[in-house]
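Letter by letter, the chains look like this.
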Amino acid sequence: MEDHDTIPVPETPVSPPLQIRDELAEQKKKYDDLNDRYLRLAADFDNYRKRTARDHEDRIQHANERFAVDILEVVDNLERALKSDDKHLRTGVEQIQKLLYGILERHGITPIDALKKSFDPGEHDAIAHIPSNEAEGTVVDVVSPGYRMYKKVIRYAKVAVSRGQNSYDKATVEKS
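Attention here is on the structure that accompanies the text. In this text the structure is predicted, and so the values were computed from the model without any measurement.

## Here's the deal with helix α2 (residues 86-106)
Residue pairs three or four apart in sequence face the same way in an α-helix, which turns once every 3.6 residues. The terminal C-alpha atoms of α2, which comprises 21 residues, lie 31 Å apart, in line with the 30 Å expected from a rise of 1.5 Å per residue. Where α2 is concerned, the buried positions are Gly92, Ile96, Ile103 and Leu104. Along the long axis of α2, the arc covered by the buried residues comes to 115°, so they all point the same way. Every exposed residue of α2 that faces more than 90 degrees away from the buried side is listed here: Lys87, Arg90, Gln95, Lys98 and Glu105. Where α2 is buried, its residues touch α1 (18-83) and β1 (109-111).

## Description of the side chain of Ser162
Its place among the elements puts Ser162 in strand β6 (residues 157-162). A polar atom in the side chain of Ser162 sits 2.7 Å from the side chain of Ser132.

## Quick word on the sheet that holds strand β5 (residues 152-155)
Sheet architecture is open: three strands sit in the order β1-β4-β5, paired in antiparallel fashion. Each edge of the sheet is formed by a strand with only one pairing partner; in this case those strands are β1 and β5. Strand after strand, the sheet turns through a mean of 35° between neighbouring axes, direction not considered. As paired strands, strand β4 (residues 147-149) and β5 are joined by three bridges and run antiparallel to one another. Across the sheet, Met149 pairs through a bridge with Lys152, a residue of β5.

## Some words on the nonpolar core
Of all hydrophobic cores here, the largest spans five residues; its members are Ala114, Val139, Ala157, Val159 and Val161. It is β6 that provides the largest number of residues to this core, a total of three residues. Once you skip the residues sitting within four places of it in the chain, Ala157 turns out to touch Ala114, Glu123, His124, Asp125, Ser144, Pro145 and Gly146.

What counts, and where the lines are drawn
- Residues numbered from 1 in each chain as written.
- Predicted model: local features only at pLDDT ≥ 70, side-chain atom pairs only at ≥ 80, totals over all residues.
- Heavy atoms only, no water.
- Helix = DSSP H or I, 4+ residues; strand = E, 2+ residues; numbered from the N terminus.
- Expected span 1.5 Å × (residues − 1).
- Buried < 20%, exposed > 50% of the residue type's maximum accessible area, 1.4 Å probe, protein only.
- Arc of directions from axis to C-beta.
- Contact = heavy atoms within 4.5 Å.
- Polar contact = N/O pair within 3.5 Å; in protein donor to acceptor, adjacent residues only side chain to side chain.
- Pairing = 2+ DSSP bridges.
- Axes fitted to C-alpha atoms, helices over the stretch in contact; angles between N-to-C directions.
- Core = buried A, V, L, I, M, F, W, Y, C linked by side-chain atoms within 4.5 Å.

Take a look at the structure:
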């Protein structure tokens, strides 16, 4: 017989040893468990993110709602003041102003004290530079008060700032 007359016999696949199959099955089970935990954790995190965003929006709306209800007290009192006679109008408006300042303070809004203070661009907006007896850079007039909410400036005070005494003396001498 010749060598080329023989038919090659296909090799039969040899199954991995039983121990390796068990380890492979165990590793697959661990992988499936970890993948399942990962997917659950990702879903939980997504739900948490959505819930905190919704809670944040609710808190903002609730805070605005409380502020609006407080301001409506001022509106009611202004309407009453406008219906009253002129003799009591000033007293009523002064009471409304006190009520409004109290509401603003409850919501963390306070005026910025600027008069006779050194000019601070972080709190003041200089709209005039005038001669005065005050030291240069001192706020000598507050045209429009500034306000801060807690520690953040929400409106800068519009102020007039002193040029100093030398400028005041020159202006006085020039006019004489």
